[in-house]
Amino acid sequence: MHLYCLVGTMGGWRKWLEEESEYQWLSFAGFAIFVILGSIYINASSDLAGVNSGTLHENGTGDRLLEVTNSMSLWESDTGRYVLDGSEKIENYQFSSCISESATIKLICPGTNGIVYVEKGNGWSEVNVTNTNHFATHASMGGGSSLVVLSNGIESSFLAYDFETNTKLSNIAEYDGESVIINSVMSKGENRWLAGGKILLSIGNEANPPSREAVFDIIYNTQNQLLIINPLHIDYSNDGEIHSIIALEDGAFFAAGTNKAIMFGADEHIKFEHSSRVVIEDLNGDIWLYGTTGDDFVVRISEGEAYVESLSEPLRFLPEIGFLDDGKIVLHGVSDDGSHEALNIDVDARGSLTSLRGIFDFMFIISSLLVIGLMTWNVGDAISKGEIF
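Computed from a predicted structure; not experimentally measured. (Residues numbered from 1 in each chain as written. Predicted model: local features only at pLDDT ≥ 70, side-chain atom pairs only at ≥ 80, totals over all residues. Heavy atoms only, no water.)

## A closer look at the overall build of the protein chain
For step 1, the next point in the chain: Each helix and strand in the protein chain was counted, giving 3 helices and 28 strands.
For step 2, the next point in the chain: Taken over 389 residues, the protein chain has a buried fraction of 43%.
For step 3, the next point in the chain: In the structure as shown, the protein chain presents an accessible area of about 20,500 Å², 51% of it carried by carbon and sulfur atoms. (Helix = DSSP H or I, 4+ residues; strand = E, 2+ residues; numbered from the N terminus. Buried < 20%, exposed > 50% of the residue type's maximum accessible area, 1.4 Å probe, protein only. Areas by Shrake-Rupley, 256 points an atom, 1.4 Å probe, with all protein chains shown as cover.)

Set out below in structure tokens:
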């Protein structure tokens, strides 16, 4: 019964699509309208899917998330800062400026001159990395030498240290040029790092000097026991700073800034004229650049090309930190009213059949194939009967 009805229905459709049918031009016009409307609906459904308020990484307090490593996170509450080491809350670091982690060592920068706290499997211990009036702001941990970024409250400097043996490997090194403030540091391998931030130009307002995006290549010379600081990228065109440097799965490095972004590959450097506040690489190898409050788009970089993806609604907060959790992008930030908000984004959701875009794509393809199939059926039927077109 059902087969008979289906054959009868398709036979009716064939009449509308037959070459010699009096309904021929009407059917063609209807199909053209279907294609146009399908294109409009598919384009309207192209907003980035899988965007949901809340996150997989909230601790239920509404506190501000500042930094995340594999097993630790740094938070800020109304009473100060604290560290979560797994589920254990460490509250005696109210002025902490950073956390860092390698396969064997965990580190906390407590915001105290010359001091960091290190855990190597037998409890946290205090390590004095320098006797000067500098406090640690960032650290890149590794086997053997690690790079510690220090600050005197005005500018950043660098120190090489071996936390496995608690050995200071170099004296404090500064960039031989303008004052530098470092926001991010990433290991490039043994005894080599990338550091990103800004240089402060010695012109204009001394209290608030203009800044320029900067990336530095830092090498520890084991023979002379000193750090060599080479400028790798300085953008003098506009005010800005590098906020993050991330290591990509293909071995390249990506520096994202408030003005531009640059990818450091093995053979070439690629610049992107896109500003951001947060950068994340997803499991597909795509890089996502998230901007500021009110942005209704996000920039996706795939295989060296930049694409602008629409958001279903503007960002309600200023993104401060982003990371992957169970394959989803997680954003944390602060809204205009000072509250701490978060989003989790499934970047693969749009390609699934459960998304609006997936449904429209599926319906459009099936309907088009059905019409084309019926037309082909008519042509084949006419040829078999020896009819002349």
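On we go.
## As for the nonpolar core
For step 1, the next point in the chain: Counting 20 residues, the largest nonpolar core has Phe 158, Phe 216, Ile 218 and Leu 227 as its most contacted members.
For step 2, the next point in the chain: Mapped onto this core, the elements with two or more residues apiece are β11 (146–151), β12 (156–162), β14 (179–189), β15 (192–200), β16 (211–221) and β17 (226–235).
For step 3, the next point in the chain: Counting residues per element, this core draws most heavily on β16, at 4 residues.
For step 4, the next point in the chain: When residues no more than four places from it in sequence are discounted, the contact partners of Leu 227 are Leu 147, Phe 158, Leu 159, Ala 160, Ser 170, Ala 173, Trp 193, Ile 218, Ile 219 and Tyr 220. (Core = buried A, V, L, I, M, F, W, Y, C linked by side-chain atoms within 4.5 Å. Contact = heavy atoms within 4.5 Å.)

## Section: unusual backbone geometry
For step 1, the next point in the chain: In this structure, Asn 191 takes a positive phi of about 65° despite not being glycine.
For step 2, the next point in the chain: Following the sequence through the fold, Asn 191 ends up in the loop between β14 and β15.
For step 3, the next point in the chain: Of note in this structure, Glu 303 is not a glycine but carries a positive phi near 50°.
For step 4, the next point in the chain: Its place among the elements puts Glu 303 in the loop between β24 (297–302) and β25 (305–310).
For step 5, the next point in the chain: The class of Glu 303 is exposed, set by a relative accessible area of 81%.

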